[in-house]
Amino acid sequence: MANFKELLVWQKSIDFVTEIYRTTETFPKDETFGLKSQIRRASVSIPSNIAEGNSRRSKLDYLQFLRISRGSCAEVETQLIISRNLHFLNETNYLKLNEGIIEISKMLNGLINSLK
């Protein structure tokens, strides 16, 4: 197994988290402990679980952590829709972030399938 930092999906998810943090800075102050916090924590969970699973050096553990990362992608995708619906995200930002999370999710599916 390659070091997690060499994985393109980990690198893209790190970039995605950075973009989520930048974008959610504009969320209303009263969302600091609400949706803003939720979407940040869910996005951070994606590369974190890739790294932890990879570091376990057990294929079964790795697969489980990759599935958790994939679940976090679905969580983020849902939170992006809510953020757009509440007008915390404009359509352009929503589409860019949604495209990114879908790409990461597909990459995770590919990695999971290659390890099965």
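Just above sits the structure.
All figures in this text were calculated on a predicted structure; none of them were measured in a lab.

Colleague: Would you take a moment to explain unusual backbone geometry for this structure?
Modeller: A negative phi holds for most residues other than glycine; trans holds for most peptide bonds. A positive phi angle, close to 60°, is found at Arg57, a residue other than glycine. Summarising the element assignment, Arg57 is placed in the loop between helix H2 (35-56) and helix H3 (59-85).

Colleague: Mind showing me how you'd approach the packing of helix H1 (residues 8-24) against H2 here?
Modeller: Helices that pack against each other are described as a pair by the angle of their axes relative to one another and the distance between those axes. In contact at an axis separation of 9 Å, H1 and H2 are set at 165° when each is read in the N-to-C sense. Taken together, the axes of H1 and H2 are roughly antiparallel relative to one another. Considering how the two elements wind past one another, H1 and H2 form a crossing that is left-handed. From H1, Val9, Trp10, Ser13, Ile14, Phe16, Val17, Ile20, Tyr21 and Thr24 reach across to H2, where they touch Lys36, Ile39, Arg40, Ser43, Val44, Ile46, Pro47, Ile50 and Ala51. A per-class count over the contact of H1 with H2 returns 13 nonpolar, three polar and two charged.

Colleague: Got a minute to help me understand the packing of aromatic side chains in this structure?
Modeller: Given two aromatic rings, one states the distance between the centres and the angle between the planes to describe the pair. Taken as a whole, this structure holds two aromatic pairs when the rule is applied. On the numbers, 5.3 Å between centres and 70° between planes, the contact of Phe4 with Trp10 is edge-to-face. For the pair Phe4 and Trp10, one class covers both residues: buried. Between Arg84 and the ring centre of Tyr94, over which it is positioned, the NZ or CZ distance is 4.3 Å.

Colleague: Help me out: how do you make sense of the side chain of Ser72 in this one?
Modeller: For Ser72, the location among the structural elements is in helix H3. Relative accessible area serves as the criterion here: at 5%, Ser72 is assigned to the buried category. Excluding residues within four positions of it along the chain, Ser72 makes contact with Ala42, Ser45 and Ile46.

Calculation rules
Residues numbered from 1 in each chain as written. Predicted model: local features only at pLDDT ≥ 70, side-chain atom pairs only at ≥ 80, totals over all residues. Heavy atoms only, no water. Helix = DSSP H or I, 4+ residues; strand = E, 2+ residues; numbered from the N terminus. Axes fitted to C-alpha atoms, helices over the stretch in contact; angles between N-to-C directions. Parallel < 35°, antiparallel > 145°, perpendicular 65-115°, else oblique. Left-handed = near helix turned anticlockwise from the far one by under 90°. Contact = heavy atoms within 4.5 Å. Nonpolar A, V, L, I, M, F, W, Y, C, P; charged D, E, K, R; others polar. Phe/Tyr/Trp six-rings, centres within 6.5 Å; stacked < 30°, edge-to-face > 60°. Buried < 20%, exposed > 50% of the residue type's maximum accessible area, 1.4 Å probe, protein only. Lys NZ or Arg CZ within 6 Å of the ring centre and 35° of its normal.

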